[in-house]
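Here are the chains, one letter per residue:
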Amino acid sequence: MEAKMLLEMYEQMDLIRTYEETLYYLFLEGIMPGSIHQSHGQEACAVGMLYGLRKTDYMASTHRPAGHDIAKGVSVKDMMCEMFGKEDGCCKGRGGAMHTGDITVGAIPANAIVGGNIPISTGIGLSLKMQKRDDVVVCFFGDGASNEGAFHEGLNGAAIWKLPVIFVCENNLYGASTSIKNTLNIEDIALRADSYGMPGEVVDGNDVLAVYAAAQRAITRARKGEGPTLLELKTYRIAGHSRSDGCAYRDDVEEAEWFARDPIELLKNKILKEKIADEQILADIHEKNEQIVNEAVDYAIEAKEPSVDDVLLNVYWEGD
Ligand SMILES: Cc1ncc(C[n+]2csc(CCOP(=O)(O)OP(=O)(O)O)c2C)c(N)n1
Ligand SMILES: [Mg+2]
């Protein structure tokens, strides 16, 4: 079981990186419009948290959603079409990079308002509780979002009503170009859980198995009706905040320390050391992922543009 799980986790993390790197080059080549916030370096957070979740469990993401979406099971082809603004996109080409998702696999279309998805997750948690379901909501956000008022409202509401929400702070040390040294007067964001009366845990966000173990503790608690948990995953984004960011505000020593802990390399080393698979098997996994992504690109480039006639459809409410 463990071997199968590790290889599946590796496959998902590699697919996320392959997808985002491909997008990055498509932007640089001027083939794709818009921008992208890569989760490069944070793949263990997405996969560790979401591995093995049910389709009926929910996940709510941010302006950096691709890794979360892929790990929750959104189709790469649907996401790629969305990136090209095509009719077959997961939001029919209306959403773009910061709003991908697919409700049929429990991925709430992402919310680019920093902290905006936190009270939404509390609301989903309330609806699950009212329906007496034992499904959960995994809500991702950053260190920057943890300083928004929405964080306070969302966590407090979930705590007093004992809702099945797992609040996951991906602390990558920066909110855009601003270091947490300028925005936080505490070492660990997880400490804030105390003030809402829920468990808080600091986790190595680059170790997929550590993330998975913490996720399982929080998910089990939530399914049993024992309420929310705040997990703080310490991690680092290897890429810039968005594609135009060269990271001039970060120092070389800090970057070198974190780059040496690339989550995919850490998992690869474990798999090789424990002889779960050899280099060739891992190379084959990567090749298969490249094929999936390249096929999605070819499909998206040729896919149909949305029709001008229904461009406002689903933008404004048209019911009674
Ligand atoms: C309410 C709000 N304020 C500001 C922005 C602009 N903005 C987009 S991403 C971002 C940084 C968010 O940092 P963090 O929450 O740490 O997430 P990270 O980008 O590090 O994943 C900012 C300020 C926004 N989208 N929404
Ligand atoms: Mg951040």
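Residues numbered from 1 in each chain as written. Chains lettered and ligands numbered in written order. Predicted model: local features only at pLDDT ≥ 70, side-chain atom pairs only at ≥ 80, totals over all residues. Heavy atoms only, no water.

Caption draft 1: Examining the overall build of the protein more closely. Within the protein, the secondary structure is distributed over ten helices and eight strands. Relative to the compact-globule value of 20 Å for 320 residues, the protein shows a C-alpha radius of gyration of 19 Å, a close match. Projected onto the principal axes, the alpha-carbon positions of the protein cover approximately 60 × 50 × 45 Å. Residue burial in the protein is summarised as follows: out of 320 residues, 52% are buried. Summarising the internal contacts of the protein: among those between residues at least 6 apart in sequence, 74% fall at separations of at least 24. Put simply, the protein shows about 14600 Å² of open surface, and 54% of that area lies on carbon and sulfur atoms. (Helix = DSSP H or I, 4+ residues; strand = E, 2+ residues; numbered from the N terminus. Rg over C-alpha atoms; globule rule 2.2 N^0.38 Å. Buried < 20%, exposed > 50% of the residue type's maximum accessible area, 1.4 Å probe, protein only. Contact = heavy atoms within 4.5 Å. Areas by Shrake-Rupley, 256 points an atom, 1.4 Å probe, with all protein chains shown as cover.)

Caption draft 2: Focus on the packing of helix α1 (residues 2–28) against helix α10 (residues 279–302). The contact between α1 and α10 brings their axes to 9 Å, and the two run at 45°. Judged by the angle between their axes, α1 and α10 are oblique. Considering the relative orientation of α1 and α10, their crossing is right-handed. Residues Leu7, Tyr10, Glu11, Asp14, Leu15, Thr18, Tyr19, Thr22 and Leu26 of α1 lie in contact with α10, whose contacting residues are Leu282, Ile285, His286, Lys288, Asn289, Glu290, Ile292, Val293 and Val297. Across the contact of α1 with α10, the residue classes break down as ten nonpolar, four polar and four charged. (Axes fitted to C-alpha atoms, helices over the stretch in contact; angles between N-to-C directions. Parallel < 35°, antiparallel > 145°, perpendicular 65-115°, else oblique. Left-handed = near helix turned anticlockwise from the far one by under 90°. Nonpolar A, V, L, I, M, F, W, Y, C, P; charged D, E, K, R; others polar.)

Caption draft 3: The arrangement of the side chain of Gln38 in detail. Here Gln38 lies in the loop between α1 and α2 (43–50). Note on Gln38: relative accessible area 6%, which makes it buried. Not counting the four nearest positions on each side in its chain, Gln38 is found in contact with Glu20, Glu21, Tyr24, Arg64, Ala239 and His241.

Caption draft 4: Representation of the packing of aromatic side chains in the model. All chains considered together, the criterion is met by seven aromatic pairs. With 6.1 Å between their ring centres and 75° between their planes, Phe151 and Tyr196 make a pair best called edge-to-face. Placement of Phe151 in helix α6 (residues 149–160) and of Tyr196 in the loop between β6 (178–179) and β7 (200–204) is noted, with a sequence separation of 45 residues between them. Tyr196 matches Phe151 in its accessibility class, with the two residues each being buried. On the numbers, 5.3 Å between centres and 55° between planes, the contact of Tyr174 with Tyr249 is tilted. (Phe/Tyr/Trp six-rings, centres within 6.5 Å; stacked < 30°, edge-to-face > 60°.)

Caption draft 5: Broad picture of the pattern of salt bridges. Under the defined criterion, the tally for this structure stands at 18 salt bridges. Glu8 is the partner of Lys4 in a salt bridge, and the nearest nitrogen-oxygen pair spans 3.2 Å. Pair noted here: Lys4 and Glu8 are both in helix α1, with a separation of four residues, about one helical turn. Classification of Lys4 as exposed rests on a relative accessible area of 52%. For Glu226, the salt bridge is made with Lys224, and the minimal N-O distance between the two is 3.8 Å. Look at Lys224 and you get exposed, because its relative accessible area is 58%. Taken together, the shared-partner salt bridges connect Arg54, Arg133, Asp134 and Asp135 into one network. (Salt bridge = Lys/Arg side-chain N within 4 Å of Asp/Glu carboxyl O.)

Caption draft 6: Expanded view of empty space enclosed by the protein. By the definition in use, this model includes one cavity of 30 Å³ or more. Of the pockets and cavities examined, the largest cavity occupies roughly 60 Å³. Counting only elements with at least two residues in the lining of the largest cavity, the list comes to α1 and α4 (76–83). Among the elements that take part in the lining of the largest cavity, α1 stands out by supplying three residues, more than any other. Among the residues forming the lining of the largest cavity, the class breakdown is eight nonpolar, two polar and one charged. (1 Å grid on protein atoms, 1.4 Å probe; cavity = no way out; pocket = protein on both sides within 12 Å on 5 of 7 lines; lining within 4 Å. Points joined across faces, edges and corners; volume = space filled by probe spheres on them.)

Caption draft 7: Focus on the coordination of the magnesium ion (ligand 2). Bound to the magnesium ion (ligand 2) are the protein donor atoms Asp143 (OD), Asn172 (OD1) and Tyr174 (O), situated 2.1 to 2.2 Å from the metal. Sequence spacing of the donors to the magnesium ion (ligand 2): D-x28-N-x1-Y. Both residues of the pair, Asn172 and Tyr174, count as buried. (Donors = N, O, S within 2.8 Å, 3.2 Å for Na, K, Ca; no water.)

Caption draft 8: Molecular detail of α10. Here α10 is 24 residues long and its end C-alpha atoms lie 35 Å apart, about the 34 Å a rise of 1.5 Å per residue gives. The inward-facing, buried residues of α10 contact α1, α4 and α9 (263–273). (Expected span 1.5 Å × (residues − 1).)

Caption draft 9: Molecular detail of the site of ligand 1. Near ligand 1 lie 15 residues; those nearest to it are His63, Arg64, Gly144, Asn172 and Tyr174. Here ligand 1 has 580 Å² of accessible area as a free molecule, and 69% of this is covered by the chains. Residue classes in the shell around ligand 1 are distributed as six nonpolar, six polar and three charged. (Near = heavy atom within 4 Å.)

Caption draft 10: Broad picture of the sheet that holds strand β4 (residues 165–171). Read across the open sheet, the six strands follow the order β2-β1-β3-β4-β8-β7; overall the sheet is parallel. The two strands at the open ends of the sheet, each matched to only one other strand, are β2 (107–108) and β7. The pairing of β7 with strand β8 (residues 229–234) spans five bridges and is classified as parallel. Opposite Asp204, over in β8, you have Lys234 as the bridge partner. The strands touched by helix α5 (residues 117–130) within the sheet are β1 (58–60), β2, β3 (137–142) and β4, with β3 carrying the most contacts at an inclination of about 170°. (Pairing = 2+ DSSP bridges.)

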